[in-house]
Each structure stands twice: as C-alpha cells, then as structure tokens.
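Coordinates in review
Each chain, written out:
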Amino acid sequence: MVVDNMSSTSSGNGLLHLNDVESGYSKDNDDLDADPSDPFDIAQTKNAPPETLKRWRQAALVLNASRRFRYTLDLKKEEEKEHRKRMIRAHAQVIRAALLFKLAGENQIVSGAPVAPPVDGGDYAIGLEQLASMTRDHKLPVLEQYGGVKGLSGLLRTNLEKGVNEDEADLSNRRNAFGSNTYPRKKGRSFWMFLWEAWQDLTLIILIIAAAVSLGLGIKTEGLKEGWYDGGSIFLAVFLVILVTATSDYRQSLQFQDLNEEKRNIQLEVIRGGRTVKVSIYDLVVGDVVPLKIGDQVPADGILITGHSLSIDESSMTGESKIVHKNKKEPFLMSGCKVADGFGTMLVTGVGINTEWGLLMASISEDTGEETPLQVRLNGVATFIGIVGLSVAVSVLAILLARYFTGNTEDPSGTTQFIKGRTKFDDAFNDVVKIFTVAVTIVVVAVPEGLPLAVTLTLAYSMRKMMADKALANIDLQVRRLSACETMGSATTICSDKTGTLTLNEMTVVEAIVGKKKINPPADSSQLHPSVVSLLSEGVAQNSTGNVFVPKDGGNVELSGSPTEKAILSWAIKLGMKFDAIRSESTILHVFPFNSEKKRGGVAVRQSDAEVHIHWKGAAELVLAACSGYLDSNGCLQSMNEDKEFFEAAIDEMAASSLRCVALAYRLCEREKVPSDEESCSDWVLPEDNLVLLAIVGIKDPCREGVKDAVKICMDAGVKVRMVTGDNIQTAKAIALECGILSSSQDVTEPTIIEGRVFRALPEKEREQMAKKITVMGRSSPNDKLLLVQALRKGGDVVAVTGDGTNDAPALHEADIGLSMGIQGTEVAKESSDIIILDDNFASVVKVVRWGRSVYANIQKFIQFQLTVNVAALVINVVAAISSGDVPLNSVQLLWVNLIMDTLGALALATEPPTDNLMHRSPVGRREPLITNIMWRNLLIQALYQVIVLLVLNFSGLTILGLEDDGDKEHAYKVKNSLIFNAFVLCQIFNEFNARKPEEINCFKGVTKNYLFMGIVGFTLILQIIIIEFLGKFTSTVRLDWQLWLVSVGIGIISWPLAIVGKLIPVPKTPVSAFFVKPFRRCRRPRDA
C-alpha cells in the first residue's frame, strides 16, 4: 500500500506540472488535482490495490456487466487463482514435510534405505513416473542410488557436457517417453459465447420484450401480413446490434489470445551437441542440459550438474520469500523459480504437466485481464452520460404518457390518439408500448456501453499493427500490460540504458594495454611474454560465464555469453587461448559471480601443481584501485605506486573515445588460506587486495544507426531522455554526446552529468531537486536507478525506464512504464516490465511513445463523434416530445444510429494509425480532461447545427417541402420524418471525417490510406440507402426522391465547411471542466471537514 500512496502522490504532482506546461493553468489548479472521492480518478492501475479497483466498478452505471467488464481485471478470478496457487503450494509443502520426516526416521533406524531399481522407460533405462516422483518429492537417496546426476544422465542417455543430440528423432523420442514442456490450456470462448453476452444488455432485453408485445398486438389488430412490421423491425434491429457487437468483440478476443501466446513463449539457451543454441521453452525435453545465470527462470524441473554461488528464489512455488542455495546436498530445481544469484547448469528431469509449475499453470491458465487508467476514466464518462440519458429518457416517457392520456397527442391525420372511454384497450396498450420503446431506445443511445471498450479496441488494434507490421513500422516489441502503451502517451522522461539500447551491443576489443605498453594490434601475442599470455588466457577462460565451441570440421569458432564476455573471449582466442584445454588443466574452487553493485567478478583456480590463482575482471578504475603491482609486457612484476597515474590517464583516454574499459588482474593465494572442504569453500570470501594488473582492454560498442534522430524526436515531443549506465562516466559522456542526449555546447558538469555514488549519498529532498537536472548518470548501480525513478516520479514526471538485469526489476516495477530488453534482458527483468523491446533498440521505445499518444488521440476522436450524436439525438427527441408529443426518430432508427456511433464508429475512429503530428505536441497530462476545450467547441458547433436544422425540419418541414397540401397527411408526415432521419444519419457520416482531425483544417489528410475507415463509411452509406429505399416497412420510412436525397446530402455536407470555420474560433486554455469542478470542490471541502 505504501507504493500505491507514493504512486498517487507523484502522479498528482506530475499532472499539475504537465498541465502548467500544456494548458497554462494558474496556481489555482490544485483544485483539479487528484480527487480522493472520485472512484474513477485512478492515475495508475499498475500495482493498484483491489479495493480501488472494486470501488470504480461499484460506482459505474452499467447495462451489460459481462460485456463492459470483459477486458478489465476479473477480481473474482484473481482471488480464485491465488487460492489455487495456495492449494498447490500447500500440497507441495505437505509432500516435502512428510518426506523429511520419513528421511529423519530412516537416518535414526538404518542408513541408506533400499531403493527400487529403475523401471525401463522404453528407449530409456528409467520410467517417467519414477523420474517425476524423485524430482517432485526431492528424493535425494533415490538420486544417490542411481549414481547421482552422472548416473542419472547415463540412464537418460545424455552427455552432461555436450547435452543431447540435435537429432530431431532423438528429441521426438524424448517427448514421447517423458512428455513435452507444454500444459493444457482452456480454449478461448467461442463466437456463440460472445453472442450470448452481447444480448445480456438490460436495455436490449427490455426492447426484445417490448418488440414481442408489439408483435403480438400488431398481429392481433392488423393481421399477420401488416401487423408484424412494428415488432419485427425492432427484433431485426436488436439482432443486428447484437450480431455486430458480438463479431467485433470476438475479433478483439482473438487478438488478445495472440498477444498472450507471445508472452508465454520464452526463448532460452540449451546445450545440444556441445553447442549453445536458443530454443523455445516449449521445445525443451527431458535430458536437456540448460545453463542458468542470474535472472533466468528455471524452465523445467531438474537436477543441478554444476553451480557456483547458485541461489534460487522459490517464492513463486512455495509462497515464501526465501532464497535457497543449491549444491550437491540440495540439487533439486523447480520449474518456474528464478535464479537470484550465481550461475550453473542443470539436467532437465521433468517437463510440462509432470511438474508442479505445469499443474499450477494448467489450473490458472485463463487470463484474468487488466484495466487501463483511460478505461476507468471512460467508465466514469459513460456513467455520467448514462445518468443524463436515463434522466432524459424518464422525462420523455413521463411527458409522452402525460400528453397521451390527457388527449394532447394526435396522429399524422390530426386525430386525437386517446379519448377516455372511447379508445380500445388494445390500441391504448399498443400506443403505450411504442412510447415505452422510444424511451428505452433513448437509454440505448444515451448510455455509451462501447465507450470504455473503445480503449481496448484501439489498444488491441495498435498492438496487432505494431506486431504485424514489424518491417513496415520498424518496431519490434512484445506487450505484457496493455495499459503501458496508453501510459507511454503521457511519458515525460525516458531513463535509458546505454549498452544495447543506445548502442549496437556488438562489442570488439580495439585497444589493449599490458604493462605500460599499448599493444597494436590489440591481439598481437608476439608483443607479449608467454607467461603474460598464459595468465591472461587462464583468467579469461576460467573467469567467464561464456562458452567457446570449436567445430570438429574446422569451421568458425562459436562464442556464447554476454556481448562483453564474447568480446574478451574473442580477443583471448586471437592471443592464442585454448579454452577447453585451460578449463580441463585447472580446477575452479570458488566463484564470485559478476555483481552490478561491485562491478567485478572473481574466480579461484587450482592449477595442476596445486598453486591457487585468484583472477578478477571488472570495471577498470575499480580493479586498478585494488592493484599494488602490474606485469609488464616482458612478464616482470613492477610496483604500481609510481605508475598508477599512467594507468588512470589511459583509462580516461579510452573512456573519452567511447570505449568500455575492463581490467584483468590476478594474485597468488597461499595454500594455507584456501579452504580445505567444499562447505567452507562455498562461504569463502575471495581476497581482492594486492592484485597484480595483467591488462586493461578498451571495448568499442558503436552507437545504433538512427538513435540520434530518435532522441531528437523525443526532445521535440517534450520527452526528456536520460542515460543511466554502469559504465565509466567519461564513456557515458562520450556516448551521450554522440547520441545527442548531451549537446556539445552544453555545460557537461555536475549535476547534468553525475556519478551514481554521488547521487545516492544525497539526502532525499536534495535527490528530488537534483533528479530534474540529471541528464547522464555514470557508474550507477541498479539501486541508483531505482532512487532516480522514485525521485523523478515524486517530482511529477511520468517515467519510462529501460532495464535488462535482474537488479533492474525494482526500477522497472516502480516506473510508470517498465521496458525490458528482449535480447539481453533476463526473465526476472522481463516479468517486472510492462513492454519487452525485442530488438533492444531505443528507436522502438520512441515508436511506442508515438503509438501511446495515438491511442489517446483516437479515443478523443471517438468521444467527440459519439457525444455529438448523443447530444443531437437527445435534444431533438426531447424538444419534439415536449412540444408535439411525438418523436421524429423512432426506436429502429435510433438503434441504427446507435450502431453507427457505437461499434462502427469505434472501429472507424479508434483504428486510425499514428501521425507524425503527434510527436510535435507536449505529453498528455494524466489528469488533463478527456474532453478538451477544442473537442467541446467542435462537438457543440456540430450538435447545435444538427439540432437547429432538424428541429426546423420537424416543426416546419411540411411547409418547407411543400407537403402541406398533400392529400395523404400520413404519407407527408412520413416523408418529413424520413428526411429528418436520412439527414441525421448523413450528418454523422460526414462528421466522422471531421472527427478524424479535431485540430487540423484538412480532415481528409491520409484518409485514402485508412482502408478500414473508408470501408466502414462506405458500408454505412450503402446500408442507409438500402434502409431508406427498400426497408421502409421496418424503419417506418418512405422512399425519398433524388431531390430529397440531394437535400439530405446538402445538410450533411455543410458540416465540413462549418468544421473549418469552427476550428478558426480560439478556445480558452483553462479547461471548461475547471469552472464547474472548482466551486463544487470548494463547497464540499468545508462540509467534509
């Protein structure tokens, strides 16, 4: 809850800051900050407590809950999911507890209880059930009976060093014998389910009942041939609404299924045939050898082969936040857990449904959805409009009934419809049903059920377009939380990593200093003494999480590991390093894995002559500080005292050339100080003083092409780009200048450019003030990044953060939008993030900002269009009802209008692709009114025009059209109403073009490229022609001649020049809502106090 409080505070401040920039608010604007009493005022749904989410659901006016809340978080299912997790965890703990009790008893009575011999598993010497049982129940005696992990690998026909063969037949056999790494998933809902949900709408059910009554009465009074039209037409219109709604929703659900499938498909490294290859998690088989490193997810159940400081976070399975150290005494690894520290390799022994994780995922595989802040706000807007519409409908119902029963309602021929004591009950009842149907239809039109769903539609469309058009859009990402795309539209700052995001992550050693000599070319071993080459080779080979594969056919050497590891391995190979030979000649005693806090990693190695070497590798200036001597190029030990400044200057020179500086050092360790047993060895703290410097290498990682343009686009869009890197501050400065994050004329001094340790040491208040000024942070730890994110958010920024390491997880979680890297990112980082940038490219981050702004802009276009229809339809019907006791737009006509503005309107406007113009605006404030002053101006002008023209036609239409002298009064009346209906629909079709560009004069720009928009407009127009010309019996309309069609088109087309004139009218900067909200808030505050 603390996080939530902090989140809401910072968000509130942020929007005040944003509104000052964008809307020119005065200091009085505090009144428009977060309103704690408004259930729909949720700035950030990420990490929001269930109580907050429950509150807005209860406050929403909803006619069809199953549809309205379909794409929001299902709180009930979420509770059920947690309950199932607890059940499975409890089950697992009971098994383990019983096993431990049993083992304790066995140890007291007899050591080494007999174990059943392996059961033949087809092609393998062990069966699925025995293997799964041993791993699931952590049966260590059984494992020892099989001969430990080495004996088990023999039973599974696996080589512990080279893994299984890449032969497809062998992999297929393993899947047949032990299962595949998949679990059964619940099928997605069928189209019929969506059809069933679509008709659950309360108003549609009432209309169906009314239609049934009308149908019965019509047939009874007028006979089957003529009497079925009134009721039948309502039935048909309701069915059309249900069908279109269900089809749209079903298509959306298919898109969501594709998105979720991409989320689950994790890519991981396995060793097959001696090579490290990347495979899908679904392709993993029993017998696979999987390397594990910090931040990885354990992809299946397995047994540890080798490990160094390997710690596993098993909280996802046990429910306890406890880190478990894995070794030969505790070798069992559970699928779904995370590697918290260290590295190692595992033998896969259980996959898919044969693991606890598989059981868990199979039971909770259905996605429970999520909501976005915009979705919540739109529910608030829909509720407000719905209450107004409901009030209007009740008023219309009351007025029409009062006028009818007091004898003030006449039919087209001028005859009073109800005369007390004379009018038949059936006729009166039929008239009342018609009046009631009109009132209910007004509610259908007034309550915009589709408004919150439009957010989901535009988000799903945006994601599908981004993922489908990777080549076209030059964007490669995976969305974990839809709300993040929306929030990116409000981002005011992006805290980006350097390596791989701003740079290519293609590293090469381009400079090397050994002793005081610069080796040129850097991999020329002839310039070095053999003893120096030997020590360097040993240090690189043993102090590395990478791997070297030399093909037997003499092909190119294959390297695996991080880009930095690969660059150093490649350099050492050119020096003459024999990777496999060095690893087999010496034994690793203990490893200190590379740590992003300490920025170095070490290893203790025992050589064949029992001498122990401790090798360190890491950030050059930090390793150099721990050195007391260095080996010169002739292999002689020299004192560091006099030459330290030389090496410091060399590091600065490399860093200024944008090179990453890495130092390699070693020291001898006295035999008596080396722990003798394995347990003591695992707790051994490697000495890191009195080191001997072997070499300093400069690694080049060039800037990505186009990153400078991407940074400039962000700056122009009001989004500040900050670089946060673990690299040397001089390297960070050089890259920042190259990328355009720092301008060459800028004063690059503190606090613009700062070291992590300096920022971390500041008091909290000072950190908040300093954070705004920071552009580059060098030598930062993951905790420094978290502190920066917290400080920026408290200062009012909407923060997007990129991260790839496990330790970045807190910052990714804390940020408004967490962006993890798809190539270099660990599974822990990916799970904590909202969006995965699959190509690790900063340009992709900028594209997400563009699409995020597009989502917001499209929703605003749809709101403007829908409110115009709402206002016009309601005012026309209300005024007509009060004055004449009849409504020009009947139930079937209003249902057709509802279809145009709701489902079809959302499809047309919510799927507009983003334009470059979006990136020339300031970020959208999260509490900036959804309906801006520009939107109010546009919709009021159009609605006013439609109301005036159509009401003039309603009251004076017969005179204007020269129909007063028509002998058939009923026909004349129908011609007038048909013209009103036709003109009203055409007004909406033409106004749909205006809604595309609320601020631009030219609303046709790019319209021909949007095939969906053109298709929907064309489809609507064709249907309208069919309705008027051929379906008059259903809609109570008559055919119009070409002159009246011209009149209809003329009325509609005037909305175009009217919109152009309207856009020239200036609007005040202060939102209209401020004038209404301030007095309301001020009068409520004393009452609340």
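In this text the structure is predicted, and so the values were computed from the model without any measurement.

1. Section: the overall build of the protein chain
Counting secondary structure elements, the protein chain contains 40 helices and 26 strands. Relative to its full complement of 1089 residues, the protein chain shows a buried share of 56%. A total accessible area of about 45,900 Å² is found for the protein chain, and carbon and sulfur atoms account for 57% of it.

2. Overview of the environment of Thr775
Checked against the element boundaries, Thr775 lands in the loop between α28 (764-771) and β23 (776-778). Distance from Thr775 to Val724, taken between C-alpha atoms, is 8.4 Å for residues 51 residues apart in sequence. There is a polar contact of 3.2 Å between the side chain of Thr775 and the side chain of Lys720.

3. Digging into the confidence of the model for the protein chain
On average, residues of the protein chain carry a pLDDT of 79, and 79% of them reach 70 or more. A low-confidence stretch, residues 1-33 stays under pLDDT 50, and its non-local contacts, those more than four residues away or across chains, total 74 contacts. Scored below 50 in pLDDT, residues 95-100 shows eight contacts in the model against residues more than four places distant or in partner chains.

4. What about the nonpolar core?
In terms of nonpolar packing, the biggest core is built from 84 residues, with Leu207, Ile442, Leu895, Phe981 and Phe984 touching the most fellow members. Every residue in contact with Leu207, bar those within four places of it in the chain, is listed here: Ile234, Val238, Thr437, Val440, Thr441, Val444 and Leu895. Membership of the second largest hydrophobic core comes to 42 residues, among which are Ile266, Leu304, Leu310 and Cys337.

5. A word on unusual backbone geometry
In this model, Asn520 is joined to Pro521 through a cis peptide bond whose omega is 0°. As for its position among the elements, Pro521 is in the loop between β11 (517-519) and α19 (530-542). The residue Arg157 is not glycine, and still its phi comes out positive at about 55°. Unlike most non-glycine residues, Ser1036 shows phi in positive territory, near 60°.

6. Describing the side chain of Thr135
For Thr135, the position within the fold is in helix α5 (residues 128-136). A relative accessible area of 3% places Thr135 in the buried class. In terms of polar contacts, Thr135 uses its side chain to reach the backbone carbonyl oxygen of Leu131, at 2.9 Å. Beyond its immediate stretch of four places on either side in the chain, Thr135 contacts Asp301, Gly302, Phe332 and Thr349.

7. What about the packing of aromatic side chains?
Tallying each qualifying case throughout the model produces twelve aromatic pairs. Their ring planes at 50° and their centres at 5.9 Å tell us that Phe993 and Phe1004 sit as a pair that is tilted. On the criterion of sequence distance, the pair formed by Phe993 in helix α35 (residues 969-996) and Phe1004 in the loop between α35 and α36 (1011-1030) is long-range, its members being eleven residues apart. Among the aromatic residues, those joined into a cluster by ring pairs are Phe990, Phe993, Phe1004, Phe1013 and Trp1056.

8. Comments concerning the packing of α19 against helix α20 (residues 563-575)
As a packed pair, α19 and α20 sit with axes 10 Å apart at the nearest point and diverge in direction by 145°. The element α19 and its partner α20 pack so that their crossing is left-handed. Taking contact as the criterion, the partners of Val533, Leu536 and Val540 in α19 are, on α20, Ile568, Leu569, Trp571, Ala572 and Leu575. Residues of the contact of α19 with α20, tallied by class, amount to eight nonpolar, no polar and no charged.

9. Overview of the pattern of salt bridges
Opposite charge on two side chains makes pairing possible when the charged atoms of those side chains draw close. Evaluated as defined, the whole model comprises 27 salt bridges. Between Asp716 and Lys712 there is a salt bridge, with its nearest N and O atoms 3.1 Å apart. A residue pair is termed a helical-turn pair when its members lie 3 or 4 positions apart in one helix, as Asp716 and Lys712 do in helix α25 (residues 707-716) at four residues. For Asp716, a relative accessible area of 44% puts it in the partly exposed group.

10. A look at the packing of α28 against helix α29 (residues 782-794)
Between α28 and α29, the least distance of the axes is 8 Å, while the angle of their chain directions is 80°. On the basis of the axis angle, α28 is roughly perpendicular to α29. Taking contact as the criterion, the partners of Glu764, Arg767, Glu768 and Ala771 in α28 are, on α29, Leu787, Leu788, Ala791, Leu792 and Lys794. Grouping the amino acids of the contact of α28 with α29 by side-chain chemistry returns five nonpolar, no polar and four charged.

11. Here's the deal with the UniProt feature "transmembrane region" (unreviewed entry) in the protein chain
The feature "transmembrane region" (unreviewed entry), as given by UniProt, occupies residues 194-215, 227-246, 381-405, 435-461, 862-882, 943-963, 1011-1032 and 1044-1065 in the numbering adopted here. Helix makes up 95% of residues 1011-1032 and strand 0%, whereas the separation of the span's terminal C-alpha atoms amounts to 30 Å.

12. Overview of the side chain of Glu1029
Along the polypeptide, Glu1029 turns up in helix α36. The side chain of Glu1029 is buried and forms no salt bridge, while Arg1039, the nearest opposite charge, is found at 4.3 Å. A polar contact is formed between the side chain of Glu1029 and the side chain of Trp1045, at a distance of 2.8 Å. Discounting chain neighbours no more than four positions away, the residues touching Glu1029 are Arg1039, Leu1040 and Trp1045.

13. Here's the deal with α35
Its 28 residues place the ends of α35 41 Å apart at the C-alpha level, agreeing with the 40 Å of an ideal helix rising 1.5 Å per residue. Where burial is concerned, most of α35 is hidden: 23 out of the 28 residues are buried.

14. Focus on a nonpolar patch on the surface
Among the surface-exposed residues, Leu944, Ile948, Val952 and Ile960 lie close enough to one another that they form a single nonpolar patch of about 370 Å² accessible area. Following the sequence through the fold, Leu944 ends up in helix α34 (residues 933-960). When its relative accessible area of 53% is taken as the criterion, Leu944 is described as exposed.

15. Points about α29
A rise of 1.5 Å per residue sets the reference length of α29, with its 13 residues, at 18 Å; its end C-alpha atoms lie 19 Å apart and thus fit the reference within 8%. Burial analysis of α29 places ten of its 13 residues in the buried class, the great majority of the element. Among the residues of α29, Pro782, Asp784, Lys785, Leu786, Leu787, Leu788, Val789, Ala791, Leu792 and Arg793 are the ones counted as buried. Gly796, located one to two residues past α29, shows a positive phi value of around 105°.

16. Topic: the environment of Leu951
Within the secondary structure layout, Leu951 lies in helix α34. On a C-alpha basis, the gap between Leu951 and Pro888 in space is 9.1 Å, while along the polypeptide they are 63 residues apart. Once residues lying within four places of it in the same chain are set aside, the contact partners of Leu951 are Ile876 and Val879.

17. Let's talk about the pairing of strand β4 (residues 301-313)
When β4 meets strand β7 (residues 338-350), the two strands line up antiparallel, connected through ten bridges. Note on β7: the bridge partner recorded for Thr306 is Thr345. Of the strand pairs in this sheet, β4 and strand β6 (residues 332-333) are connected by two bridges, and their pairing is antiparallel. Within β6, the residue paired with Ile303 across the bridge is Phe332. Bridge count for β4 against strand β5 (residues 323-325) is three bridges, and the pairing is antiparallel.

18. Some points on the pairing of strand β19 (residues 659-669)
For β19, the buried fraction is high: ten of the eleven residues fall into the buried class. Sheet topology places β19 next to strand β20 (residues 691-700); eight bridges connect them, and they run antiparallel. Bridge assignment links Leu664 to a residue of β20, and that residue is Ala695.

19. Brief notes about the environment of Phe191
Mapping Phe191 onto the fold places it in helix α9 (residues 191-198). Residue class for Phe191 comes out partly exposed when judged on its relative accessible area of 22%. Sequence spacing of Phe191 and Ser253 is 62 residues, and the spatial spacing of their C-alpha atoms is 9.8 Å. Residue contacts for Phe191: discarding those within four places in its chain leaves Leu243, Ala246, Thr247 and Tyr250.

Each value, and the rule that gives it
- Residues numbered from 1 in each chain as written.
- Predicted model: local features only at pLDDT ≥ 70, side-chain atom pairs only at ≥ 80, totals over all residues.
- Heavy atoms only, no water.
- Helix = DSSP H or I, 4+ residues; strand = E, 2+ residues; numbered from the N terminus.
- Buried < 20%, exposed > 50% of the residue type's maximum accessible area, 1.4 Å probe, protein only.
- Areas by Shrake-Rupley, 256 points an atom, 1.4 Å probe, with all protein chains shown as cover.
- Polar contact = N/O pair within 3.5 Å; in protein donor to acceptor, adjacent residues only side chain to side chain.
- pLDDT = per-residue confidence, 0-100.
- Contact = heavy atoms within 4.5 Å.
- Core = buried A, V, L, I, M, F, W, Y, C linked by side-chain atoms within 4.5 Å.
- Phe/Tyr/Trp six-rings, centres within 6.5 Å; stacked < 30°, edge-to-face > 60°.
- Axes fitted to C-alpha atoms, helices over the stretch in contact; angles between N-to-C directions.
- Left-handed = near helix turned anticlockwise from the far one by under 90°.
- Nonpolar A, V, L, I, M, F, W, Y, C, P; charged D, E, K, R; others polar.
- Salt bridge = Lys/Arg side-chain N within 4 Å of Asp/Glu carboxyl O.
- Parallel < 35°, antiparallel > 145°, perpendicular 65-115°, else oblique.
- UniProt positions renumbered as here; feature names shortened; annotations may be inferred.
- Lys, Arg positive; Asp, Glu negative; His and termini not counted.
- Expected span 1.5 Å × (residues − 1).
- Patch = residues over 30% accessible without salt bridge, like charges linked within 9 Å, V, L, I, M, F, W, Y side chains within 5 Å.
- Pairing = 2+ DSSP bridges.

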